[in-house]
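Take a look at the letters that make up each chain.
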Amino acid sequence: MAALTATRPSRRKFIAAALAGAAASGLPRPLLAQGAQPRIVVIGGGFAGATAARFLKRTDARLTVTLVEPNAIFAACPFSNEVIAGLRDMRAQLFGYDRIAADGVVIAHQTATGVDGQARTVTLGNGTKLGYDRLVLAPGSDPRFDALPGYDEAASERMPHAWKAGAQTLLLRRQLEAMEDGGTVVMALPALPYRCPPASYERASLIAYYLKTKKPRSKLVVLDAKDMFSMQRLFENAWKELYPNLEWVPVSSGGNPTGVDVTAMTVSSDFDTYKAAVANVIPPQKAGRIAELAGAADRTGWCPVDPVTFESRLVPNIHVLGDAAIAGAVPKSAFAGNVAAKICAAAVARLVRGETPAEPKFVNNCYSLVAPDYGFSVAGVYQPVNGQWLEVEGAGGASPADAPRAFRSQEAKFANGWFNTITSEIFG
Ligand SMILES: Cc1cc2nc3c(=O)[nH]c(=O)nc-3n(C[C@H](O)[C@H](O)[C@H](O)COP(=O)(O)OP(=O)(O)OC[C@H]3O[C@@H](n4cnc5c(N)ncnc54)[C@H](O)[C@@H]3O)c2cc1C
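In short, a report on the structure.

Cut-offs applied
- Residues numbered from 1 in each chain as written.
- Predicted model: local features only at pLDDT ≥ 70, side-chain atom pairs only at ≥ 80, totals over all residues.
- Heavy atoms only, no water.
- Pairing = 2+ DSSP bridges.
- Helix = DSSP H or I, 4+ residues; strand = E, 2+ residues; numbered from the N terminus.
- Axes fitted to C-alpha atoms, helices over the stretch in contact; angles between N-to-C directions.
- Right-handed = clockwise from strand over helix to strand, strands pointing away.
- Near = heavy atom within 4 Å.
- Polar contact = N/O pair within 3.5 Å; in protein donor to acceptor, adjacent residues only side chain to side chain.
- Areas by Shrake-Rupley, 256 points an atom, 1.4 Å probe, with all protein chains shown as cover.
- Domains from an automatic or database assignment.

**Focus: the sheet that holds strand S15 (residues 266–269)**
1) Next: Spatially, three strands are ordered S14-S15-S16 in an open sheet, and the strand pairing comes out antiparallel. Both outer strands of the open sheet, strand S14 (257–261) and strand S16 (273–275), are each paired with one neighbouring strand and no more. Neighbour-to-neighbour, the strand axes of this sheet turn through a mean angle of 20 degrees, independent of strand direction.
2) Next: Of the pairings in the sheet, the one linking S14 to S15 comprises four bridges and is antiparallel in character. Bridging from a neighbouring strand, Pro 257 pairs with Ser 269 of S15.

Have a look at this one:
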């Protein structure tokens, strides 16, 4: 008996020895097993970050989740093209964080100004330092103000990009309203990758709709750094049918935007210079600045991630979500940011328990409107293959090219339904 007792340690001693062994071997000890309350900091309270914060807390109430977001009110980009076209009130785009706070998420209305991936701390604008066990970065995308000659932050006050919703959206709206009938609106679109490319063609359509219905002697020229884009056939069919006032100039016809002159109000392309009454310049983009400061962005300006956990490939214990991440074939959309956030929240909750995250699947669905009662969509299904998100062949697809108008009108209604559902899930 005595010999047996000596060779069979008690359960408590066994666990202690196992944990000591794990520590000695360099394996991380599960935080919950250590009795600590894991601290998760989420930077960015947009579609991806606000979803992640809420779902982390719902997945495991023991997590201490802090959401860092400077604005008390979030302004949503989806449907902001309708605001620009005068079809929707900006107030329908605004959401607060009270319900997220009520779920037990600590909200810090601050800008994150620094991340120390070694010390695992986030510095806030007011100087406070937050320690974290896992950090979720979801700062969205920023314009590259050094990419298009003549187009810097000051120029965006004269030629709005309106690619972040809020003041820029309203500025472009006011400019279109103030424009005299007969003027030319010029849009400049960048090469991929950037935030939600279909939204730029939706915007072109809805500006063309506004001009056709309110300023019928005006026209829209779209200068594009691309020859092909998602749902192209659907957009082009609609433009042919509805908008003779819209001229799309692809890169192969000299449409590539090469610079702007805000004083002369001109936008130049490979072949020509266009005088604009209103110019909407969407510049090339990159991950939000804090991602770069955290060391999570690579030379492309975006953040490479592992597809199962969304953990950064560059800095351990940092997960990157939403527009800021390069996630293989997964597009940069609010829909995708929301899905990625749920996958990541589940993975992080497992990781801090010392468990292996489950292998996820991913769905994205994007609606576009070309007129108030005319919509279509594209869906994609993705799965991790060799460390990258790849599209599952044959699983998605776009709306049929030859559908009747009643079908398009239904899809416009579905688009509204989608927006109401996603925003109430995140903020409601
Ligand atoms: C005109 C337009 C229409 C669109 N339509 C659709 C659509 O119909 N469907 C769709 O799915 N997608 C659409 N999108 C795309 C969608 O808006 C984005 O893909 C989505 O917002 C990305 O989510 P995110 O959380 O990564 O970034 P965001 O939603 O932009 O959120 C980022 C948040 O991070 C905060 N932040 C940034 N830096 C810091 C910092 N240092 N510290 C703290 N907080 C910080 C910001 O304040 C912001 O609240 C559209 C985009 C545009 C421009």
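**Re the pairing of strand S13 (residues 246–249)**
1) Next: With four bridges connecting them, strand S12 (residues 219–224) and S13 associate as parallel partners. Within S13, the residue paired with Leu 223 across the bridge is Val 249.
2) Next: With helix H8 (residues 232–242) bridging S12 and its parallel neighbour S13, the resulting β-α-β unit is right-handed.

**So, the site of the ligand**
1) Next: What surrounds the ligand is a group of 36 residues, the closest being Ala 48, Glu 69, Ala 112, Arg 195 and Asp 323.
2) Next: Arg 195 places a polar side-chain atom, nitrogen or oxygen, 2.6 Å from an oxygen atom of the ligand.
3) Next: Contact between the ligand and Asp 323: an oxygen atom at 2.8 Å from a side-chain N or O atom of the residue.
4) Next: When isolated, the ligand has an accessible area of 1,000 Å², and the protein chains bury 92% of it.
5) Next: Each of domain 1 (2–140 + 288–359) and domain 2 (148–285) gives at least three residues to the shell around the ligand.

**Examining the sheet that holds strand S1 (residues 39–43)**
The strands making up a sheet associate through backbone hydrogen bonding, with each pair oriented either parallel or antiparallel.
1) Next: Pairing within the open sheet is parallel, and its five strands lie in the order S5-S2-S1-S9-S20. Both outer strands of the open sheet, strand S5 (106–108) and strand S20 (318–320), are each paired with one neighbouring strand and no more. When the angles between neighbouring strand axes are averaged without regard to direction, this sheet yields 20 degrees.
2) Next: Looking at chain direction, S1 and strand S2 (residues 64–68) are connected through five bridges and run parallel. Note on S2: the bridge partner recorded for Val 42 is Leu 67.

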